[in-house]
Amino acid sequence: MLTLCASAQTVEEIIGQYEEANGGKNKLKAIKTLQMESVMKMNMMGQTFDINLNSIRERGKLYRKQMGGIMGMGNSWTMVTDTAGYILVPAMPNFGGGGFGGPGGGGQRGGGGNTGNSPTITKMTDDDLKKQQFELDCAGAFSMLVDYAKKGYTAELQGTSKINKEECYKIKLTMKDGLVGTFFINKNTLLVQQVDATDDMAAAMSGFGSIMRMMGGGRRNLKVSIQYSDYKEIAGIKFPMKQVISLGPVETVIEHLDIRLNEPVDEVWYKVK
């Protein structure tokens, strides 16, 4: 009988329960700024690196992800506002030049492209900017689920699936401009346990978009699974403090060290430099 009741639930009801379990829709939508300090533990070219991350959001105005440098590279960042977006590809002296598309790849600054010793700032195309607008939402760790229908998104319940032996609702969310993610919501805790995504959505959810640009790679045929755990309540809202990103055979761990809600955003994060 319990199984029948659970299967009869609609996707709207399940996402509504998710909202309540994460502090409630009104509290989630009331977040004006969301700032995170994190560390990424990453394997690259046979070496393990700890990379500092800063993620800054101001609702409807700003999304910025700042990534510390590795292997002789400088810092990199992605910045999105409601009117423009930019990507900084750092100097890469240990990679013989390159940057965004390799030598001669062009960019807003740097003349004929990144020569390896100079950073390059590239302005996003209109299409990329449109696809990144969802990043300006601050409604918790998975803002795209909150009030999804009013945002013009669609959700489809695709049954259930076990993730680490835990029964989860499987929900396909289709956002504007064709971005798609599959969310696995734990049936007991009603917290997101895993997200699967491809292409542009995979690059955005994993945070690997800027790294791929650094290495001159594309986002097509990219597939990623991200598992979320170690939830912590902050100002009445639950956030996963750990995520494990599986990209093919490679696993990368991100641990959040500090999460701050509704604190003023320093103007420096708006600067294209």
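The coordinates are above.
Quick summary incoming for the structure in this document. (Residues numbered from 1 in each chain as written. Predicted model: local features only at pLDDT ≥ 70, side-chain atom pairs only at ≥ 80, totals over all residues. Heavy atoms only, no water.)

Some points on the environment of Ser-143
Heads up, the condition is: A run of DSSP states H or I qualifies as a helix once it reaches four residues; a run of E qualifies as a strand once it reaches two. Both are numbered from the N-terminal end. A contact between two residues is defined here by any heavy atoms of the two lying within 4.5 Å.
Its place among the elements puts Ser-143 in the loop between α4 (126–132) and β7 (154–163). Along the sequence, Ser-143 and Lys-29 sit 114 residues apart, while their C-alpha atoms lie 8.6 Å from each other. Once residues lying within four places of it in the same chain are set aside, the contact partners of Ser-143 are Phe-134, Asp-137, Cys-138 and Lys-151.

A short note on helix α2 (residues 11–21)
Selection criterion: The rule is simple: take the accessible area with a 1.4 Å probe, protein chains only, and divide by the maximum for that residue type; under 20% is buried, over 50% is exposed, in between is partly exposed. What the arc measures is the spread of directions leading from the helix axis to the C-beta atoms.
For α2, the set of buried residues is Val-11, Ile-14, Ile-15, Tyr-18 and Glu-19. For α2, the angular spread of buried residues about the axis comes to 145°, placing them on one side. Buried-residue contacts for α2 involve α3 (25–29), β7, β8 (166–174), β9 (180–186) and β10 (192–198). A positive phi of about 115° marks Gly-23, the residue just after α2.

A short note on the nonpolar core
What counts here: To qualify as a nonpolar core, a set must consist of buried Ala, Val, Leu, Ile, Met, Phe, Trp, Tyr and Cys residues joined through side-chain atoms within 4.5 Å.
Phe-142, Met-144, Leu-145, Leu-173 and Val-192 are the most contacted members of the largest nonpolar core, which has 52 residues in total. Broken down by element, the residue count for this core peaks at 5 residues, all from helix α5 (residues 199–206). Aside from chain neighbours lying at most four places away, what touches Met-144 is Phe-134, Lys-151, Tyr-153, Leu-173, Met-175, Phe-183, Met-201 and Met-205. With 10 residues, the next largest nonpolar core counts Ile-56, Met-79, Ala-84 and Tyr-86 among its residues.

Here we look at the pattern of salt bridges
Just so we agree on the cut-off: Salt bridges are counted wherever a side-chain nitrogen of Lys or Arg sits within 4 Å of a carboxyl oxygen of Asp or Glu.
Applying the stated criterion to the full structure yields 11 salt bridges. Between Glu-37 and Arg-260 there is a salt bridge, and its shortest N-O distance comes to 3.3 Å. Highlighted residues: Glu-37 in strand β1 (residues 33–44) and Arg-260 in strand β13 (residues 250–261), separated in sequence by 223 residues. Here Arg-57 ties to Glu-135 by a salt bridge, and the two come within 2.4 Å at their closest N and O atoms. With Arg-57 in strand β2 (residues 47–58) and Glu-135 in the loop between α4 and β7, this pair connects stretches of sequence that are 78 residues apart. You can call Glu-135 buried: its relative accessible area is 4%. Overlapping salt bridges, with partners in common, bring together Glu-37, Asp-258, Arg-260 and Glu-263 in one network.

Description of the packing of aromatic side chains
The criterion, for reference: Each aromatic pair joins two rings of Phe, Tyr and Trp (for Trp, the six-membered one) with centres within 6.5 Å, and gets the label stacked for planes under 30 degrees apart, edge-to-face for over 60, and tilted for any other angle.
Following the criterion strictly, the structure yields 2 aromatic pairs and no others. Plain terms: the ring middles of Phe-142 and Phe-183 are 6.3 Å apart, the flat faces sit at 90° to each other, and that makes the pair edge-to-face. In this pair, Phe-142 is assigned in the loop between α4 and β7 and Phe-183 in strand β9, connecting sequence segments 41 residues apart. Owing to a relative accessible area of 3%, Phe-142 belongs among the buried residues under this scheme. A relative accessible area of 0% means that Phe-183 is categorised as buried. A ring pair is formed by Phe-142 and Tyr-228, whose centres lie 4.8 Å apart and whose planes are at 85°; its orientation type is edge-to-face.

Observations regarding the environment of Ser-76
Looking at the element boundaries, Ser-76 is found in strand β4 (residues 76–81). C-alpha of Ser-76 to C-alpha of Gln-66: the two residues are 10 residues apart in sequence and 6.0 Å apart in space.

Some points on the pairing of β10
Note the cut-off: Here the rule is simple: two strands pair whenever DSSP picks up at least two bridges between them.
Burial of β10 is extensive: 5 of the 7 residues sit out of reach of the surface. By the bridge criterion, 5 bridges tie β9 to β10 in an arrangement that is antiparallel. Its bridge partner lying in β10, Thr-182 is registered against Asp-196. Two elements, β10 and strand β11 (residues 223–234), share 5 bridges in a ladder whose sense is antiparallel. Across the sheet, the residue bridging to Thr-198 is Lys-223, located in β11.

Observations regarding unusual backbone geometry
In the Ramachandran plot, Lys-165 falls in the positive-phi region, its phi being about 70° despite a non-glycine side chain. If you trace the backbone, Lys-165 turns up in the loop between β7 and β8. Despite not being glycine, Leu-190 has its phi angle at roughly 60°, a positive value. Within the secondary structure layout, Leu-190 lies in the loop between β9 and β10. Since its relative accessible area comes to 16%, Leu-190 is described here as buried.

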